[in-house]
Amino acid sequence: MAPPLQTDETGLLLPVRLTPNASKDAVEGWRTSDDGSRHLAVRVRAVPEKGRANKALIALLARHLGLPKRDVDVIRGATSRLKTVRIEAEGPAQARILSLLESASDEC
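Read on for a plain summary of the structure. All figures in this text were calculated on a predicted structure; none of them were measured in a lab. Throughout this description, residue numbers start from 1 for each chain and increase along the sequence as written. Only residues with pLDDT of at least 70 get local features here, since the model is predicted, and only at 80 or more are side-chain atom pairs given and counted; chain-wide, interface and lining totals rely on the full set of residues. Side-chain measures were taken over the full set of non-hydrogen atoms in the model, leaving aside hydrogen atoms and water.

Focus on the environment of Leu 18
Strands here are runs of E lasting at least two residues and helices are runs of H or I lasting at least four, both read from the DSSP assignment and numbered beginning at the N terminus. Mapped onto the secondary structure, Leu 18 falls in strand E2 (residues 11-19). The exposure class assigned to Leu 18 is buried, which follows from its relative accessible area of 2%. For Leu 18 and His 39, which are 21 residues apart along the polypeptide, the C-alpha to C-alpha distance reads 9.6 Å. If we skip the residues at most four places from it in the chain, Leu 18 touches Val 42, Val 44, Ala 53, Asn 54, Leu 57, Arg 81 and Lys 83. Only protein chains enter the area calculation, which uses a 1.4 Å probe; residues under 20% of their type maximum are buried, those over 50% are exposed, and those in between are partly exposed. The contact criterion used throughout is that any non-hydrogen atoms of two residues lie within 4.5 Å.

Observations concerning the environment of Pro 20
The residue Pro 20 is located in the loop between E2 and strand E3 (26-32) in this model. Residue classification places Pro 20 among the buried positions, given a relative accessible area of 17%. Here the alpha-carbon distance between Pro 20 and Ala 56, two residues 36 residues apart in the chain, equals 9.1 Å. With residues near it in sequence (within four places) discarded, Pro 20 still touches Val 44, Ala 46, Pro 48, Ala 53 and Arg 81.

As for the side chain of Arg 38
Take Arg 38: it is sitting in strand E4 (residues 38-43). Within the local environment of Arg 38, its side chain forms a polar contact with the side chain of Thr 32, the two groups lying 3.2 Å apart. By the criterion applied in these results, polar contacts are pairs of N or O atoms within 3.5 Å in which, for protein atoms, one can donate a hydrogen and the other can accept it, and in which residues neighboring in sequence qualify only through two side-chain atoms.

Here it is in structure tokens:
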């Protein structure tokens, strides 16, 4: 099943379920919720206080995708586990990121 990514001319919108205060930082792969929606499961060691977990999420995704942190932003769900992350990328960079995200494991 393909990941639920939305694209436009300047970037991607990525649904993420963030687990803060984890034992390690990890992009775990695509998961399906009980309601049938799909999201990228991500864990960070940071605590969910004063935006620390969101900053850790941005840093982890940027590193995982080979992007500068300025190109990754939480645009919805700042205080929720379910978030929408915007990834700025155009043309070939967008295709490379899509490929990386589509290959994220479904089995973790």
